[in-house]
Amino acid sequence: MTQSKDFSVLPASEKKKELFEEQKRTLELFLEHGAITKAQFEKSLGDLKEKMGIDG
C-alpha cells in the first residue's frame, strides 16, 4: 500500500497532478486485473484527461 500524501501543503496545480496520477493508477489496476478492457481503459483515461484539463 502506498503512503498517503499531505495534500494540504501542496499548491493547487500539484494537487491536481497528484489526483490525476492516483486516478490513472486505479484505472491501470482495473485493466491489469481484467476488470475493464483496454478500450474501456483508453476511453476512461481520455475522459479523465479532458475533464481535468491534462495535456498529453
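Notes on the structure follow. (Residues numbered from 1 in each chain as written. Predicted model: local features only at pLDDT ≥ 70, side-chain atom pairs only at ≥ 80, totals over all residues. Heavy atoms only, no water.)

1. Brief notes about helix α2 (residues 38-52)
Phase 1: The end-to-end C-alpha distance of α2 is 21 Å, a good match for the 21 Å that 15 residues give at a rise of 1.5 Å each.
Phase 2: Every buried residue of α2 is accounted for by F41, L45, L48 and M52. The buried residues of α2 occupy an angular sector of 60° when projected down its axis, which confines them to one face. Exposed positions of α2 whose direction lies more than 90 degrees from the buried face are A39, K43, E50 and K51.
Phase 3: Contacts made by the buried residues of α2 are with α1 (12-32).
Phase 4: Immediately downstream of α2, the backbone of G53 shows phi near 70°, a positive value. (Helix = DSSP H or I, 4+ residues; strand = E, 2+ residues; numbered from the N terminus. Expected span 1.5 Å × (residues − 1). Buried < 20%, exposed > 50% of the residue type's maximum accessible area, 1.4 Å probe, protein only. Arc of directions from axis to C-beta. Contact = heavy atoms within 4.5 Å.)

2. Concerning the pattern of salt bridges
Phase 1: Under the definition given, this model contains 2 salt bridges.
Phase 2: A salt bridge links D47 to K43; its shortest N-O distance comes to 2.8 Å. Remark: K43 and D47 occur in helix α2; sequence separation between them is 4 residues, near one turn of the helix.
Phase 3: Under the relative-accessibility criterion, D47 is labelled partly exposed at 27%.
Phase 4: Overall, the relative accessible area of 53% leaves K43 in the exposed class. (Salt bridge = Lys/Arg side-chain N within 4 Å of Asp/Glu carboxyl O.)

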